[in-house]
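Topology and contacts: notes
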Amino acid sequence: MQAGHIMRYNPETGETTLFRSPSGMSNGMEFDAQGRLVVAEGADFGGRRITRTDMETGKSEIIAGLYNGKPFNSPNDLSIDEQGRIYFTDPRYAGHEPVEQPIFGVYRIDPDGSIHLVVTDAGKPNGVAVSPDQQTLYVISHDNGAMGSFPDEVPLTNGRMALLAYDLSPEGTATFRKILIDYAPQDGPDGMVVDAEGNLFVAVRDEARPGVRVYTPEGEELAYVKTPDKPTNVAFGRGKTSKTLYITAENCLYSIQTMKEGYHLPQK
């Protein structure tokens with residue numbers, strides 16, 4: 001049983017070093033407008049919480065650990081809007097811990113620390129992203145049938161596999177708008193990121209066509225980047241690497257130069 005690790009990759013030197021271990025079985029990560037690292041920690045002996053780390057001091061704080069007095073199921077991925085509100089998904093794919101939240105939902109953490117359940121109809125939510133114009137919340141529904149630590153002989157049946165779009169209000173509430181892409185019955189997407197123009201770069205785990213698919217905000221496919229193995233998430237670099245797309249896969253980190261600038265929060 002691994003403890004979970006966060007690795008740090010330096011694009012200038014090509015060196016990869018260990019940033020944090022154990023990591024609380026961390027999964028999705030994003031830097032906020034102050035340059036702090038916000039992390040979704042999952043289950044399977046993980047923290048089942050959202051933490052935030054000051055990169056200058058190294059100190060971390062727990063900003064979401066319970067909802068209605070009970071632990072989250074397994075925070076998976078997150079996105080931050082320009083008001084500093086954090087949206088995170090809470091499915092369950094692995095872990096021995098009890099499933100204590102009755103809904104696999106999307107939550108919002110406000111700057112005052114309050115936590116709100118904002119999406120309840122996404123199936124098993126995984127990747128999440130706020131559009132650059134702050135008017136859309138994209139949610140990936142990836143239901144592979146897994147709920148926890150099951151014996152190998154238990155068959156898994158895919159449920160909903162889709163990329164969903166929600167109208168995002170100025171107050172941070174989300175209302176379902178449409179299914180942008182329906183991947184069923186194939187294996188669907190995992191993580192995603194948006195560029196400065198609002199296009200979506202989606203890591204799709206379909207065995208027949210694994211890789212990153214690029215869509216317009218309306219769901220029209222613009223491009224496809226084939227990867228040697230199934231991708232899990234994507235992110236744009238910053239500064240000199242703002243057009244570099246980094247792709248995590250099951251055993252590797254890949255990068256590819258694009259013609260698009262990645263979208264990042266304005267720094268404060």
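In this text, all values refer to a predicted model and were calculated from it rather than measured experimentally. Just so you know, the residues in each chain are numbered from 1, in the order the chain's sequence is written. Per-residue local features are limited, in this predicted model, to residues with pLDDT of at least 70; the limit for side-chain atom pairs, both in listing and counting, is 80 or more; totals at the level of whole chains, interfaces and linings are taken over all residues. Where side-chain values are given, they derive from all heavy atoms of the structure, hydrogens and water being excluded.

With that settled, consider the side chain of Arg92. The residue Arg92 is located in the loop between β10 (86-90) and β11 (105-109) in this model. Partly exposed residues are those whose accessible area sits between 20% and 50% of the maximum for their type, while under 20% is buried and over 50% is exposed, using a 1.4 Å probe and protein chains only. Neither His nor the chain ends is counted toward charge; the positive residues are Lys and Arg and the negative residues Asp and Glu. By definition, a salt bridge exists where a carboxyl oxygen of Asp or Glu is found within 4 Å of a side-chain nitrogen of Lys or Arg. Buried within the structure, Arg92 lacks any salt-bridge partner; Glu97 is the closest side chain of opposite charge, at an N-O distance of 4.2 Å. Here Gly95 takes part through its backbone oxygen, which lies 3.5 Å from a polar atom of the side chain of Arg92. By definition, any uninterrupted DSSP run of H or I lasting at least four residues is a helix, any uninterrupted run of E lasting at least two residues is a strand, and each is numbered from the N terminus. Nitrogen and oxygen atoms within 3.5 Å of one another constitute a polar contact, given that in protein one can donate a hydrogen and the other can accept it, and given that sequence-neighbouring residues count only through two side-chain atoms.

The subject of this paragraph is the packing of aromatic side chains. Ring pairs are drawn from Phe, Tyr and Trp, using the six-membered ring of Trp, whenever the two centres fall within 6.5 Å, and their geometry is named by plane angle: stacked under 30 degrees, edge-to-face over 60, tilted for the rest. Using the criterion set out here, one finds seven aromatic pairs in the structure. Between Phe72 and Phe88 the ring centres are 5.1 Å apart and the planes differ by 90 degrees, which places this aromatic pair in the edge-to-face class. Of this pair, Phe72 sits in the loop between β8 (70-71) and β9 (78-80) while Phe88 sits in strand β10; the two residues are 16 residues apart in sequence, bridging distant segments of the chain. For the residue pair Phe72 and Phe88, the accessibility class agrees, reading buried in each case. Measuring from centroid to centroid gives 5.3 Å for Phe88 and Tyr107, while their planes differ by 20 degrees, and the two rings are stacked.

Turning to the UniProt feature "active site" (unreviewed entry) in the protein chain, a few remarks are in order. UniProt positions are given in the numbering used here, feature names are shortened, and annotations may be inferred rather than shown by experiment. Under the UniProt annotation, "active site" (unreviewed entry) lies at Asp190. Here Asp190 is to be found in strand β17 (residues 189-194). In what follows, residue pairs with any heavy atoms lying within 4.5 Å of each other are defined as contacts. Sequence-distant contacts of Asp190, that is, excluding residues within four places in its chain, are made with Asn126, Gly127, Ile140, Ala203, Arg205, Pro231 and Thr232.

Pairs of strands are assigned from DSSP output, requiring at least two bridges between the strands. Spatially, the four strands line up as an open sheet ordered β17-β18-β19-β20, and their pairing is antiparallel. Of all strands in the sheet, those with a lone pairing partner are β17 and β20 (221-226), marking the two edges. Between one strand and the next, the sheet's axes are offset by a mean angle of 20 degrees, whatever the strand orientation. Where strand β19 (residues 211-215) meets β20, five bridges bridge the pair, whose relative direction is antiparallel. Axis lines are fitted through C-alpha atoms, for helices just across the contact stretch, and the angle between N-to-C directions can take any value from 0 to 180 degrees.

Okay, the UniProt feature "binding site: substrate" (unreviewed entry) in the protein chain next. The sites that UniProt annotates as "binding site: substrate" (unreviewed entry) are Asn76. Locating Asn76 in the fold gives a position in the loop between β8 and β9. Setting aside anything within four residues of it in sequence, one finds Asn76 in contact with Asn27, Gly28, Ala40, Thr89, Pro91, Tyr93 and Asn126.

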